[in-house]
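# Reading the structure
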Amino acid sequence: MNFIGRKHSERRSIHRIYKYHQEHILYYWDELTEDEQKHLLEIAGAINFRKIKKYYKASKTERKPIDFSLLKPSDYITSQEKERREEFYKLGLHALKTGKVAFLTVAGGQASRLGIDLPKGCFGISPIKQKSLFQLFAEKIFFYSNLYAQSLKWFIMTSIDNHNATVDFFIQNNYFNLDKENIFFFKQGFNPTVTSESGDLILKTKSKLFMNPDGHGGILGALTSQGYISKMEHFGIEYVSYFQVDNPLINMADPYFIGCHIAEKSDISTKVIQKNFAEEKLGVAMQECKTKKHRIVEYSDIPQEIMRQTYENGSLYFKMGSTGIHIFSVPFIKKISSKLPIHIADKEIILPNLSNNAEQEKKIPVLKFETFVFDTIPLAKKAIFFETSRNEEFFPLKNKTGVDSIETCVEGQNNLYRSWLKDCGFEDTDKIERCEISPLFAPDRAVFLETAKKKLSSIKEMIYENDNIKKEIYIH
């Protein structure tokens, strides 16, 4: 192998590859183009070999199952509590009006399961105009920026695979009329996939490694390591409204939720909903009986007998599920971003036949390492759960058909907008087949009801034809 003439950074990568006994990834070196060689060394140079070695050693120790006898359902602030709503509203509104709130979207996924080869945020999902998820979020931010006379900042976490396509999508759409200086794209970190047997890196092609995203918890480390927490501090941002790209109903600037977080002096606050059924794939809000610490337990870690546990009246014992909607205090992110525990997943991959010999491709057991954002909750001095309504803001888009699908996501939007019109006193809203209210007109129920008082006649013109309610309504 000829390594003569390599740059210092490339020589350093080569040295580390040999130091950690991973030189097998250079097996096809002499067959690679110069660009392929550079790419392989660049990826290897970004790997924290010491950390991966530590994770691999941890995978060989016995992984203790969760003792659910030490856990109980978490307390949460219910959506019905009225006494402090005015206090929450005032605090949240003040934070928004003074530019102390930024938005953070987890957008590292592809829409391949939905049938298109684009970042998931590019998928058109609004009921009538087929606006993309990114456009819906952008229009909400545009409205709130004008409403509160603030240049609200939007941080978007992409992945290695979809970063360029995401940025290109925003450029092609002129950033949806937002100031591009207020949008910050950054890449999620990654970890190599390693063999279960020996912890070795694995070649996907002759010049590429099997890699996996470092989990949604990696977003916090990326914010810190890439300088975005410092930017937030420079802008005077104190709170981050966090949500995932697959949820078009998100009420990202909910003053009650933000205000509750502030009033409770919480480090991280999480919106929760009542599960529809025991096995629903939602992380569950639990509390440690001894320490009183809150936590979210991933549904895949909960045995069926625990999931199905009920009270005497038949209601679920562990009934509150996480929506993946959070408020973070910026100092807390800075403090804990490097302290999240690692999760080790046992998987299988098909090992490619790179030598083009007669051997058949085979499956091998591998390990993937990732962190989860909800693991910040036990690290918090104070964390709270805040109940929201599923119908108001949780119809995620995950699958092409079935549960959490295109159909259920669209129908969730239809039902929400019909209910806004019904709250304004309009009858026969059940006759509306498709209904969409542009975020540029009103991004949430409270704003819509306030706007409707002033624009009732124009709304009537948009929804009625010859005194009959239209079957398809778009309000803008």
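Now for a quick tour of the structure.

## Notes on the overall build of the protein
When helices and strands are counted, the protein shows 15 helices and 19 strands. Here the C-alpha radius of gyration of the protein, 25 Å, is about what a compact globule of 476 residues would show, namely 23 Å. Counting all 476 residues of the protein, 51% fall into the buried class. The long-range fraction of contacts in the protein, counting pairs at least 24 apart against all pairs at least 6 apart in sequence, stands at 75%. For the protein, the exposed area adds up to about 24,000 Å²; of that, 48% sits on carbon and sulfur atoms. One finds the centroid of the 67 positive side-chain charges in the protein at a distance of 5 Å from the centroid of its 61 negative side-chain charges.

## Observations regarding unusual backbone geometry
Unusually for a residue other than glycine, Asn 174 sits at a positive phi of about 55°. Along the chain, Asn 174 turns up in the loop between helix H6 (163–172) and strand E4 (183–187). In this model, Lys 265 sits at a positive phi of 55°, which is unusual for a non-glycine residue. Tracing the backbone through its elements, the reader meets Lys 265 in the loop between helix H9 (255–263) and strand E9 (268–274). Residue Lys 265 is classed as exposed on the basis of its relative accessible area of 70%.

## A look at the environment of Glu 472
Examined against the element boundaries, Glu 472 turns out to sit in strand E19 (residues 472–475). For the pair Glu 472 and Met 462, spaced ten residues apart in the sequence, the C-alpha separation amounts to 9.9 Å. When sequence neighbours within four positions are dropped, the list of residues in contact with Glu 472 reads Ile 128 and Arg 434. Within the structure, the side chain of Glu 472 is placed 2.4 Å from the side chain of Arg 434, a separation counted as a polar contact.

## So, a positive patch on the surface
Together, Lys 19, Arg 50, Lys 53 and Lys 57 make up a positively charged patch on the protein surface. Counting residues per element, the positive patch draws most heavily on helix H3 (residues 49–59), which supplies three residues. For Lys 57, the position within the fold is in helix H3. Taking the relative accessible area as the measure of exposure, Lys 57 reaches 55% and is therefore exposed.

## So, the packing of helix H4 (residues 85–97) against H9
Remark: H4 packs on H9, axes separated minimally by 6 Å, with the N-to-C direction vectors making an angle of 95°. Here H4 is positioned roughly perpendicular relative to H9, judged by the angle of their axes. Along the contact surface, H4 presents Arg 85, Glu 87, Phe 88, Tyr 89, Leu 91, Gly 92, Leu 93, Ala 95 and Leu 96, while H9 presents Pro 255, Tyr 256, Ile 258, Gly 259, Cys 260, Ile 262 and Ala 263. Counted by class, the contact of H4 with H9 contains twelve nonpolar, two polar and two charged residues.

## So, the pairing of strand E3 (residues 154–158)
With respect to burial, E3 is a largely interior element, five of its five residues being buried. Bridge analysis of strand E2 (residues 101–106) against E3 gives four bridges, and the strand direction is parallel. When the sheet's bridge partners are listed, Thr 105 is paired in E3 with Ile 156. One crossover worth recording links E2 to the parallel E3 by way of helix H5 (residues 133–147), and it is right-handed. Of the strand pairs in this sheet, E3 and E4 are connected by five bridges, and their pairing is parallel. By the bridge assignment, Met 157 is partnered in E4 with Phe 186. With H6 bridging E3 and its parallel neighbour E4, the resulting β-α-β unit is right-handed.

## Description of H9
Residues lying three or four places apart along an α-helix face the same way, a consequence of the helix completing one turn every 3.6 residues. Burial within H9 is extensive, with eight of its nine residues counted as buried. Within the sequence span of H9, burial applies to Pro 255, Phe 257, Ile 258, Gly 259, Cys 260, His 261, Ile 262 and Ala 263. On the buried face of H9, the contacting elements are H4, E2, strand E8 (239–244), E9, strand E12 (320–329) and strand E15 (383–387).

## Section: the pattern of salt bridges
For the coordinates displayed, the defined rule picks out 20 salt bridges. As a salt-bridge pair, Glu 411 and Arg 418 come within 3.3 Å of each other at their nearest N and O atoms. Accessibility expressed as a relative area gives 34% for Glu 411, which makes it partly exposed. Given the relative accessible area of 12%, Arg 418 is considered buried.

## Details of the packing of helix H13 (residues 406–423) against helix H14 (residues 445–454)
For the pair H13 and H14, interaxial distance at closest approach is 10 Å and the crossing angle is 40°. Relative to H14, the element H13 lies oblique. H13 and H14 meet at a crossing whose hand is right-handed. Where H13 abuts H14, its residues Leu 416, Ser 419, Trp 420, Leu 421 and Asp 423 lie against Arg 445, Phe 448 and Leu 449. When its residues are assigned to classes, the contact of H13 with H14 shows five nonpolar, one polar and two charged.

## Some points on the environment of Lys 120
Tracing the backbone through its elements, the reader meets Lys 120 in the loop between E2 and H5. When its relative accessible area of 11% is taken as the criterion, Lys 120 is described as buried.

## So, the side chain of Ser 329
Relative to the assigned elements, Ser 329 resides in strand E12. Overall, Ser 329 belongs to the buried group, its relative accessible area being 11%. In this view, Ser 329 contacts Glu 238, Tyr 239, His 261, Ser 266 and Asp 267; residues no more than four positions away in its chain are not counted.

## Here's the deal with the packing of aromatic side chains
By the definition in use, this model includes 28 aromatic pairs. Between Tyr 144 and Tyr 148 the ring centres are 6.2 Å apart and the planes differ by 5°, which places this aromatic pair in the stacked class. A residue is classified by how much of its surface remains accessible, and Tyr 144, at 1% relative accessible area, is buried. Between Phe 426 and Tyr 464, the ring centres sit 6.2 Å apart and the planes meet at 50°, which makes this aromatic pair tilted. Taken together, the positions of Phe 426 in the loop between H13 and strand E16 (434–437) and Tyr 464 in strand E17 (residues 464–465) put the pair 38 residues apart, joining distant regions of the chain. Taking relative accessible area as the criterion, Tyr 464 reaches 28% and is therefore assigned partly exposed.

Basis of the calculations
- Residues numbered from 1 in each chain as written.
- Predicted model: local features only at pLDDT ≥ 70, side-chain atom pairs only at ≥ 80, totals over all residues.
- Heavy atoms only, no water.
- Helix = DSSP H or I, 4+ residues; strand = E, 2+ residues; numbered from the N terminus.
- Rg over C-alpha atoms; globule rule 2.2 N^0.38 Å.
- Buried < 20%, exposed > 50% of the residue type's maximum accessible area, 1.4 Å probe, protein only.
- Contact = heavy atoms within 4.5 Å.
- Areas by Shrake-Rupley, 256 points an atom, 1.4 Å probe, with all protein chains shown as cover.
- Lys, Arg positive; Asp, Glu negative; His and termini not counted.
- Charge placed at Lys NZ, Arg CZ, Asp CG, Glu CD.
- Polar contact = N/O pair within 3.5 Å; in protein donor to acceptor, adjacent residues only side chain to side chain.
- Patch = residues over 30% accessible without salt bridge, like charges linked within 9 Å, V, L, I, M, F, W, Y side chains within 5 Å.
- Salt bridge = Lys/Arg side-chain N within 4 Å of Asp/Glu carboxyl O.
- Axes fitted to C-alpha atoms, helices over the stretch in contact; angles between N-to-C directions.
- Parallel < 35°, antiparallel > 145°, perpendicular 65-115°, else oblique.
- Nonpolar A, V, L, I, M, F, W, Y, C, P; charged D, E, K, R; others polar.
- Pairing = 2+ DSSP bridges.
- Right-handed = clockwise from strand over helix to strand, strands pointing away.
- Left-handed = near helix turned anticlockwise from the far one by under 90°.
- Phe/Tyr/Trp six-rings, centres within 6.5 Å; stacked < 30°, edge-to-face > 60°.

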